[in-house]
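# Summary of the model geometry
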Amino acid sequence: MTTQETRIQTPDLVFPTGFVWGAATSAYQIEGAVSEDGRGRSIWDTFVQQPGRVVNGENADVAIDHYHRYRDDVRMMADLGLGAYRFSVSWPRIQPDGSGAINSKGVDFYSRLVDELLASGVDPWVTLYHWDLPQALEDAGGWPSRETSKRFADYAAAVHDALGDRVRNWSTVNEPWCAAFLGYASGEHAPGRREPAQAVRAAHHLLLAHGLATSAMRAQRADSRIGGSVNLYAISPQTGSEADRDAARRIDGLQNRFFLDALLKGEYPADVLADLAEMTGFVQDGDMEVISAPLDMLLINYYSRFTVSGTPGGAASAAAAPTGTGSPWVGSEDVSFVEGGRPVTAMGWEIDDSGLHELLLRVAREYPRIPLVISENGAAFDDVVGADGVVHDRERLNYIDAHLRTCHAAIEAGVPLEGYFAWSLMDNFEWAWGYGKRFGLVRVDYETQLRIPKESALWYAGTIRRGGLSGPAE
Ligand code: FCB
């Protein structure tokens, strides 16, 4: 065996045995088949039909047709050697109007998907809510209404009852920050409302939904592992000035601590409640105990760092919304988001793996004893198919490599990090950005639905096979 072969087979950075190597998607972004087998309408079906909501007026009626191609997609996952696949269940497939009778054809689809994954050696990780609220529930008030939390618990229990015998790992709500503040404050996401006070109520009810669902699922089975997924950012003040430091405190409060403190300490941070002033008062007795019921793991989605300034009108960062929207930063609308001087992805998001390191150490220190999983991390770039038919996406590969190195360093430093899911397995419908932003490890030709693993996918497959990273970072 040559030295070269030895080096390839024995990675320099070995991850612990049992580390979960995965990739993630969500229902609305990939499934298509929006009117099939009794699926009801979701807020995204309504939103994409409204002019000006999505770049180029695109929608996900067909998306990448995963609903019909799931068997081939699972085979591809197995070929890549994925240990786990995180997908979401579409609530309106299970309960077309968000409550009442279960649509058995909807349940059957996910049941077949789970069976296919298990038969292929890929562990299914289910997310119960990745933003596709049944339209009927939005019509009844949406997430600003407390009732929606209760409906969610019933839906979660129905899915858990059907799949809990085969699915061990569960995530309740994905990124409640986005669902609440992009959905109800800025209006960038469905349902597109711009009602800041309602957005804060929505955030509370998404957390309450998580808590109620967790208790309902625990009552069904003791062996399920349950967590919630939060999107955390590293946050830096632009300068050491008091105004900039206060801006960082505010954004860290709304983005990170509001959710972490509620889930893991059973309280909202006092400074954030003060910033929100009269937009509070929705917490009822017992809510915080429900929200902070013990979790088996915390799922973290990490993409970037924000650099913020308390001086309005600073040099705006490139990471703007694609459509005309308001501010998601309820009560802190004057904070400016400025460029931090790092390279950016096609989303304009600054690439900063040190931010992930910082966050992992912080979460492990401030919220100890909870196992962590990176449930999303990845990057959009303007991929080109080379003359050889391959997408040589070195930038994406380097992004994931750098963030995995950070994960390894965090584990070495004692952080209880148990797994990593790349976002995304395949190119897909990127919400208000439509199909223009490609996050996939696998390229999808939207005309033919052909899937072609990019260089990053092949590299990730090798990383999984070796159980770690070889060679120096580039
Ligand atoms: C996250 C979402 C996911 C995808 C990535 C890029 O906020 O959870 O659906 O859009 O961003």
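All figures in this text were calculated on a predicted structure; none of them were measured in a lab.

Conventions and cut-offs
- For every chain, the first residue of the written sequence is number 1, and numbering continues from 1 along that sequence.
- With the structure being a predicted model, the display of local features is reserved for residues of pLDDT at least 70 and the display and counting of side-chain atom pairs for 80 or more, all residues being used for whole-chain, interface and lining totals.
- Side-chain calculation: all heavy atoms of the structure are included, whereas hydrogens and water are not.
- Distances are taken per atom, and a residue is near a molecule or strand as soon as one of its heavy atoms is within 4 Å of it.
- Polar contact is the term for a pair of N or O atoms within 3.5 Å; when the atoms are in protein, one must be able to donate a hydrogen and the other to accept it, and sequence-neighboring residues count only if both atoms are side-chain atoms.
- For the accessible areas, the method is Shrake-Rupley and the probe is 1.4 Å, while residue cover comes only from the protein chains on display.
- As a working rule, the residues Ala, Val, Leu, Ile, Met, Phe, Trp, Tyr, Cys and Pro are called nonpolar, Asp, Glu, Lys and Arg charged, and the rest polar, with Gly in that last group.
- By definition, any uninterrupted DSSP run of H or I lasting at least four residues is a helix, any uninterrupted run of E lasting at least two residues is a strand, and each is numbered from the N terminus.
- What pLDDT expresses is the predictor's confidence in each residue, scored from 0 to 100.
- Contact between two residues is taken to exist if any of their heavy atoms lie within 4.5 Å; hydrogens are not considered.
- To define a nonpolar core, start from buried Ala, Val, Leu, Ile, Met, Phe, Trp, Tyr and Cys residues and group those joined through side-chain atoms within 4.5 Å.
- Remark: exposure states derive from per-residue accessible area (1.4 Å probe, protein chains only) relative to the maximum for the residue type, with buried under 20%, exposed over 50%, and partly exposed in between.
- Note: two strands are recorded as paired if DSSP finds a minimum of 2 bridges between them.

Let us now look at the site of the ligand. Gln29, His130, Trp131, Asn174, Glu175, Tyr303, Glu376, Trp423, Glu430, Trp431 and Phe439 make up every residue found near the ligand. Take Asn174: an N or O atom from its side chain is 3.0 Å from an oxygen atom of the ligand. At 2.9 Å from an oxygen atom of the ligand is found a side-chain nitrogen or oxygen belonging to Trp431. Within the complex, 95% of the 290 Å² of free accessible area of the ligand lies under protein. Its residues placed into classes, the shell around the ligand shows 5 nonpolar, 3 polar and 3 charged.

What follows deals with unusual backbone geometry. What you tend to see is this: most non-glycine residues have negative phi, and most peptide bonds are trans. Between Ala190 and Pro191 the backbone carries a cis peptide bond, its omega angle lying at 10 degrees. For Pro191, the position within the fold is in the loop between α9 (176-186) and α10 (196-220). Looking along the chain, the bond that leaves Trp423 and enters Ser424 is cis, with omega of 5 degrees. As for its position among the elements, Ser424 is in the loop between β10 (417-423) and β11 (442-444). Of note in this structure, Trp431 is not a glycine but carries a positive phi near 50 degrees.

The next subject is the confidence of the model for the protein. Within the protein, residue pLDDT values average 95, and 96% of them lie at 70 or more. Throughout residues 1-7 the model reports pLDDT below 50, and contacts reaching past four residues in sequence, or to other chains, amount to 4 contacts.

What follows is about the nonpolar core. Membership of the largest hydrophobic core comes to 151 residues, with the highest contact counts inside it found for Trp44, Tyr129, Trp143, Phe152, Phe181 and Tyr460. With 10 residues, the single largest contributor to this core is α10.

Turning our attention to the pairing of strand β2 (residues 20-24). For β2, a buried count of 5 out of 5 residues is recorded, marking the element as mostly surrounded by other parts of the structure. Here β2 shows two buried faces, one formed by Val20, Gly22 and Ala24 and the other by Trp21 and Ala23. Note: β2 against β10, 5 bridges, orientation parallel. Across the sheet, the residue bridging to Ala24 is Trp423, located in β10. Strand direction decides the pairing type here: β2 and strand β3 (residues 84-88), joined by 3 bridges, are parallel. For Ala23, the partnering residue across the bridge sits in β3 and is Tyr85.

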